[in-house]
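Fold and geometry: a report
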Amino acid sequence: MKKLTMEKIVSVCKQYGFIFQGSEIYGGLANTWDYGPLGVELKNNIKKAWWKQFIQERVNSYGVDAAILMSPRVWEASGHISSFDDPLMDCKKCKMRYRADNLIEANMTEDIKVNAMTNEEMLKYVYDKGIKCPHCGALDYTDIRRFNLMFKTFRGVTEDNNSIVYLRPENAQGEYVNYLNVQRSMRAKIPFGIGQIGKAFRNEITPGNFTFRTIEFEQMEYQFFCRKGEDEKYYEEFKQIGMDFFQSLGLPKEKLRFKDHDKLAHYAKAAVDIEYLFPFGWGEINGTHNRTDFDLRNHQLYSKKTMEYLDPETNEKFIPYVIESTYGADRTPLAIICDAYNEEQLEDGEIREVLKLHPFLAPYKCSVLPLVKKYHSEKATEIYSVLSKDYMVSYDDSGSIGKRYRRQDAIGTPFSITVDDNTINNNMVTIRDRDTMKQITIKIDELKAYLTQKINF
Ligand code: GAP
């Protein structure tokens, strides 16, 4: 297969109904994307897999779905109002705006830790190395300013400073402000975890590499509340849990790596990313952070409500430490699509496009294909009605059977069920496997058990 490019991925995603440009008919809104019929299925399946592993199968694990708009005091306490920003500078000639760290990273010749540099050091580096404006070629920039990433809006009828509310830039705070509600209502004992899947918003100005960096995105965030002293052990444990999760979705070990943070976020004592090797290079898909008691302690300070946990056995009161394990619910599907996309040359020289998705993640679990529309549709529709009660099933009766197989391969459908005379006469169907292209014949009665066993996650 030719070297995979992001352009190819964008075009495949559009062609097969996975992802479309946001507001496309109006020329698009930068860094926004819409999921199409197949994209939404893939993304939902990834979220289901995450929820199953993190909430359903883990003991002492609870889900929440907190409001996106929270009291602005939350963001004062969390430090996002004062510290959640990017270093920006403008080209004085053409007025293009850049993130100084990204500009340096794209042009640096030696291995330097850009994230650990001050604004002054970054600006000096830009001039010393003669890093010109990529748009107009000038070397004349404004000073670097910190630009807060949170989107603001107004609540109520007036638009003044007292009515500002923020679109949350991370899910985590919804879990922190509810941690005692969850603990008490579920009678949870430390250590325990709270997970949430939801939207977050950031006013990102850098080009996004498709859905990798968007202004509106979803996170799957897990916060693990533990005792101080046990935090480092759990930090290591969650690093590995992240790595295992991505591999369980089918991402290969050699395209995943840990990357420690050079510069820590305002809330973290230790932080590490898991990166995937995208066609554009390594990119973060997960973060594990030791947030200590930073967030809970600050919420106690700002809200004047206790954030202390009362140990029922020892009667000891303390503010727990938090290990956060956060996953991008848009970056993960992107990594999965990049990895699953294959162009295979067949024996007859034809190129087969195939999306080798884990069956649990595939948008359609199977397709039902009447061999000859006129004779086999009725039986095929019957089978479709039964199977679609349990899974997403594709029904396709147009074109040659070969073409229909190719279409299903390209959208990642793991099993294609052909209905023919053998079905009408003997209640037997042919199942074709997407990856091996091998076919077997089984009884209609055995179909459900066969698929369920294959799709299991
Ligand atoms: N609560 C911690 C937190 O938000 P983060 O590393 O800033 O940490 C967590 O974000 C995850 O969210 C990242 O690993 C990434 O997968 C995803 N993410 C962050 N910014 C994003 C963006 N602009 N577009 C798409 N996904 C993003």
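These figures come from a predicted structure and were not determined experimentally.

Below, the discussion takes up the nonpolar core. One finds Ile9, Phe18, Trp50, Leu387, Leu447 and Leu451 to be the most contacted residues of the largest nonpolar core, which totals 73 residues. Per-domain counts for this core show at least three residues from each of domain 1 (6-82 + 150-338) and domain 3 (364-455). With near-sequence residues (within four places) excluded, Leu447 lies in contact with Ile383, Leu387, Ile417, Val429, Ile431 and Ile442. Tyr62, Ala172, Ile190 and Ile194 belong to the second-largest nonpolar core, a separate cluster that totals 18 residues.

Turning our attention to the site of the ligand. Neighbouring the ligand are 20 residues, the closest being Glu170, Arg202, Glu221, Glu284 and Glu324. Between a nitrogen atom of the ligand and a side-chain N or O atom of Glu204, the distance comes to 2.9 Å. The protein chains hide 94% of the 550 Å² of surface that the ligand would expose on its own. Mapped onto the shell around the ligand, the elements with two or more residues apiece are strand 10 (216-226), strand 13 (281-292) and strand 16 (321-328). The element that contributes the greatest number of residues to the shell around the ligand is strand 13, accounting for five residues. Class assignment of the residues belonging to the shell around the ligand gives a composition of five nonpolar, six polar and nine charged.

A few words now on the packing of helix 2 (residues 37-56) against helix 9 (residues 231-248). At a minimum axis distance of 11 Å, the contact between helix 2 and helix 9 shows a crossing angle of 135°. Classified by the interaxial angle, the pair formed by helix 2 and helix 9 is oblique. The chirality of how helix 2 crosses helix 9 is right-handed. Only Ile241, Phe245 and Ser248 of helix 9 make contact with helix 2, whose side of the interface consists of Ile46, Ala49, Trp50, Gln53 and Phe54. Class assignment for the residues of the contact of helix 2 with helix 9 results in six nonpolar, two polar and no charged.

Its place among the elements puts Glu382 in helix 12 (residues 373-387). When the C-alpha atoms of Glu382 and Leu277 are compared, they prove to be 44 Å apart, with 105 residues separating the residues in sequence.

What the rule picks out here adds up to 39 salt bridges. Note that Lys43 and Glu218 form a salt bridge whose closest N and O atoms lie 2.7 Å from each other. Of this pair, Lys43 sits in helix 2 while Glu218 sits in strand 10, and the two are 175 residues apart along the sequence. Take Lys43 and Glu218: they sit in the same class, and that class is buried. In this structure, Asp330 and Lys43 form a salt bridge, with 2.9 Å as the shortest nitrogen-oxygen distance. With Asp330 in the loop between strand 16 and helix 11 (331-340) and Lys43 in helix 2, this residue pair connects regions lying 287 residues apart in the sequence. Note on accessibility: Asp330 and Lys43 belong to one class, buried. Through salt bridges with shared partners, one network takes in Glu344, Glu350, Arg352, Lys356, Arg406, Asp409 and Arg432.

This part covers the domain arrangement of the protein chain. One can read the domain layout of the protein chain as domain 1 (6-82 + 150-338), domain 2 (85-147) and domain 3 (364-455). Using only C-alpha atoms to locate each centre, domain 1 and domain 2 end up separated by 28 Å. Summed over both sides, the interface between domain 1 and domain 2 buries roughly 740 Å², with carbon and sulfur atoms accounting for 53% of that surface. The largest contributions to the domain 1 side of the interface with domain 2 come from Ile205, Asp262 and Lys263, which together make up 63% of the buried area. The interface formed by domain 1 and domain 2 contains zero salt bridges. Run the count over domain 1 and domain 2 and you get zero residue pairs in polar contact (both at pLDDT 80 or more).

The strand order across the open sheet built from five strands is 20-19-21-22-23, with neighbouring strands paired in mixed fashion. Pairing within the sheet leaves two strands with one partner each, and these edge strands are strand 20 (393-395) and strand 23 (439-443). The sheet shows a mean angle of 25° between the axes of neighbouring strands, taken without regard to direction. Examined bridge by bridge, strand 22 (residues 428-433) and strand 23 share five bridges and lie antiparallel to one another. Across the sheet, the residue bridging to Arg432 is Gln439, located in strand 23. Sheet strands touched by helix 12: strand 19 (366-370), strand 20, strand 21 (415-419) and strand 22. Its angle to strand 19, the strand with the most contacts, is close to 155°. On top of the sheet, helix 15 (residues 447-455) reaches strand 19, strand 21, strand 22 and strand 23; it is set at about 165° to strand 21, its chief contact.

Take Asp295: it is sitting in helix 10 (residues 294-303). A polar contact is formed between the side chain of Asp295 and the side chain of Arg291, at a distance of 2.9 Å.

Okay, helix 6 (residues 119-128) next. Residues of helix 6 that are buried: Asn119, Met122, Leu123, Tyr125 and Val126. All buried residues of helix 6 project into a common sector of 160° when viewed along the axis, lining one side. Away from the buried face of helix 6 by more than 90 degrees, exposed residues Glu120, Lys124 and Asp128 are located. Looking at the buried residues of helix 6, the elements they touch are strand 4 (85-90), helix 5 (100-107) and strand 6 (145-148). Positive backbone phi, at 65°, marks Gly130, one or two positions downstream of helix 6.

With that settled, consider the packing of helix 5 against helix 6. Relative to each other, helix 5 and helix 6 sit at 40°, their axes nearing to 10 Å. Relative to helix 6, helix 5 is oriented oblique. The way helix 5 lies across helix 6 gives a crossing that is left-handed. Residues Ala100, Asp101 and Ile104 of helix 5 form the contact with helix 6, whose own contacting residues are Met122, Tyr125 and Val126. Grouping the constituent residues of the contact of helix 5 with helix 6 by class yields five nonpolar, no polar and one charged.

Analysis parameters
Residues numbered from 1 in each chain as written. Predicted model: local features only at pLDDT ≥ 70, side-chain atom pairs only at ≥ 80, totals over all residues. Heavy atoms only, no water. Core = buried A, V, L, I, M, F, W, Y, C linked by side-chain atoms within 4.5 Å. Buried < 20%, exposed > 50% of the residue type's maximum accessible area, 1.4 Å probe, protein only. Domains from an automatic or database assignment. Contact = heavy atoms within 4.5 Å. Near = heavy atom within 4 Å. Polar contact = N/O pair within 3.5 Å; in protein donor to acceptor, adjacent residues only side chain to side chain. Areas by Shrake-Rupley, 256 points an atom, 1.4 Å probe, with all protein chains shown as cover. Helix = DSSP H or I, 4+ residues; strand = E, 2+ residues; numbered from the N terminus. Nonpolar A, V, L, I, M, F, W, Y, C, P; charged D, E, K, R; others polar. Axes fitted to C-alpha atoms, helices over the stretch in contact; angles between N-to-C directions. Parallel < 35°, antiparallel > 145°, perpendicular 65-115°, else oblique. Left-handed = near helix turned anticlockwise from the far one by under 90°. Salt bridge = Lys/Arg side-chain N within 4 Å of Asp/Glu carboxyl O. Buried area = accessible area lost by both parts, 1.4 Å probe. Pairing = 2+ DSSP bridges. Arc of directions from axis to C-beta.

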